[in-house]
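Spelled out, the chains give:
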Amino acid sequence: MWFPQAGLAARLGAIAIAMAASSPLGQAAENTSGGRTAAAVRTDDGQWQAGAYAFSDELGGFSILSASGRGTRGDPIVLVQAFHSASPVTLTIRAIGPVRAFAHEEGVANGFIRMVVVAVNRSGLAWTEFEFELQEVLGTPSGYSDGLSFDQRRRDGDSIVSDAFARFDRAFEPHDRLRFEDGFVDPGKQARFEFLISDFTPVAEFYLVQDPRIPAS
């Protein structure tokens, strides 16, 4: 599926500036609606709390640099990460407080997270694709029946965008996967990806596998 690039730089430009790797912890960051939201601070156990969730790089291979937002359309979770190789890495996502499907109360994990992932390429290699995969059980790809997906209720994919790749491919079976194609990210550069994670039967902990890909030899 193709998606338009026009206007994306303007819409996410403020995020890229505010969430640069050199930004001090605790500095306020712009969100996509033009407002301001407090940036998360890394906790003593290495997690970054934003909205109703905590995000961790504890499984290794990459580093979270900053996080902000509440996970809504107007104030998405903006997660800036440095990738040290062109190998798959796994982000751990945990609910901080209560978990309740479709809840609207502040601080309740309702299974819906609007994400903006800023991926900084520190691998020394150019990326030609970037793939995300959801898992409820670590090491086991999520399927259609578990409720966790990249917004499987909508088939148009209008909410899925990137500033570095011109198209994407999304699958719900046999696993929930979102692959960005037709673009590249040079070493030292960064790419932005925006998408919605939805779970109609939300759980307290799940995983997002992130796979920057290089040309096949």
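Residues numbered from 1 in each chain as written. Predicted model: local features only at pLDDT ≥ 70, side-chain atom pairs only at ≥ 80, totals over all residues. Heavy atoms only, no water.

Participant: Could you give me a rundown of the overall build of the chain, with the residues and numbers involved?
Facilitator: For the chain, the helix and strand inventory stands at one helix and 15 strands. For the chain, restricting intrachain contacts to residue pairs at least 6 apart in sequence, the fraction spanning at least 24 positions comes to 68%. When the accessible surface of the chain is split by element, carbon and sulfur atoms take 53% of a total near 9,400 Å². (Helix = DSSP H or I, 4+ residues; strand = E, 2+ residues; numbered from the N terminus. Contact = heavy atoms within 4.5 Å. Areas by Shrake-Rupley, 256 points an atom, 1.4 Å probe, with all protein chains shown as cover.)

Participant: Could you give an account of the sheet that holds strand β12 (residues 165–171), with specific residues and numbers?
Facilitator: Taken together, seven strands build an open sheet; the order of strands is β3-β4-β7-β15-β9-β13-β12 and the sheet is antiparallel. Single-partner strands in this sheet number two, and they are β3 (47–50) and β12. On average, each strand axis in the sheet is inclined to that of its neighbour by 20°, with strand direction left out of account. Direction of pairing for β3 relative to strand β4 (residues 53–56): antiparallel, over a ladder of four bridges. Residue pairing for β4: A50 is matched across the bridge by Y53. (Pairing = 2+ DSSP bridges. Axes fitted to C-alpha atoms, helices over the stretch in contact; angles between N-to-C directions.)

Participant: Please set out the pattern of salt bridges residue by residue, giving values where relevant.
Facilitator: Counted by the stated rule, this structure contains 14 salt bridges. Put simply, E131 and R179 hold a salt bridge, and the shortest N to O gap is 3.5 Å. Placement of the pair is E131 in strand β9 (residues 129–135) and R179 in strand β13 (residues 177–183), with a sequence separation of 48 residues. Each member of the pair, E131 together with R179, is buried. Linking R192 and D163 is a salt bridge whose minimum nitrogen-to-oxygen distance equals 2.7 Å. Pair noted here: R192 is in strand β14 (residues 190–199) and D163 is in the loop between β11 (161–162) and β12, with a separation of 29 residues, a long-range link. Here the residues in one salt-bridge network are E129, E131, R167, D169, R177, R179, E181, D211 and R213, joined through shared partners. (Salt bridge = Lys/Arg side-chain N within 4 Å of Asp/Glu carboxyl O. Buried < 20%, exposed > 50% of the residue type's maximum accessible area, 1.4 Å probe, protein only.)

Participant: Lay out the confidence of the model for the chain with the relevant residues and their values.
Facilitator: Where the model shows low pLDDT, its predicted coordinates should not be examined in detail. In the predicted model, the chain carries a mean pLDDT of 83, and the fraction of residues at 70 or more is 81%. Mean pLDDT values over the elements of the chain span from 39, in strand β1 (residues 28–30), up to 98, in strand β6 (residues 77–83). Low pLDDT, under 50, characterises residues 2–34; the predicted model gives this stretch 69 contacts beyond four residues in sequence or across chains. (pLDDT = per-residue confidence, 0-100.)

Participant: Pulling in residues and values, what's your account of the packing of aromatic side chains?
Facilitator: In total, this model carries 17 aromatic pairs according to the counting rule given. Plain terms: the ring middles of F130 and F193 are 4.8 Å apart, the flat faces sit at 35° to each other, and that makes the pair tilted. Residue F130 is found in strand β9, and its partner F193 is found in strand β14; the two are separated by 63 residues along the sequence. Among the residues examined, F130 registers a relative accessible area of 0% and is labelled buried. Arranged with centres 4.9 Å apart and planes meeting at 55°, the rings of F132 and F195 form a pair that is tilted. One end of the pair, F132, is in strand β9; the other, F195, is in strand β14, with 63 residues separating them in the sequence. (Phe/Tyr/Trp six-rings, centres within 6.5 Å; stacked < 30°, edge-to-face > 60°.)

Participant: Can you explain the environment of D45? Please cite residues and give values.
Facilitator: Relative to the assigned elements, D45 resides in the loop between β2 (36–38) and β3. Expressed as a C-alpha distance, the spacing of D45 and S56, which sit 11 residues apart in the sequence, is 9.1 Å. Side chain to side chain, D45 and T43 meet in a polar contact 2.3 Å long. Polar side-chain contacts of D45 include one of 2.9 Å to the side chain of Q47. (Polar contact = N/O pair within 3.5 Å; in protein donor to acceptor, adjacent residues only side chain to side chain.)

Participant: I'd like a rundown of the side chain of R177, residues and numbers included.
Facilitator: Among the secondary structure elements, R177 is positioned in strand β13. Given a relative accessible area of 11%, R177 falls into the buried group. Of the polar contacts made by the side chain of R177, one reaches the side chain of D169; its length is 3.1 Å. Sequence-distant contacts of R177, that is, excluding residues within four places in its chain, are made with E131, F132, E133, F150, D169, R170 and A171.

Participant: An account of the nonpolar core is needed here, citing residue identities and associated values.
Facilitator: Membership of the largest hydrophobic core comes to 40 residues, with the highest contact counts inside it found for Y53, F55, M115, F132, F193 and F195. If we ignore the near neighbours within four places in the chain, the residues touching Y53 are W48, I93, R94, A95, I96, A109, N110, G111, F112, I113 and F206. Within the second largest apolar cluster, seven residues are counted, among which are V78, V116, V118 and V120. (Core = buried A, V, L, I, M, F, W, Y, C linked by side-chain atoms within 4.5 Å.)

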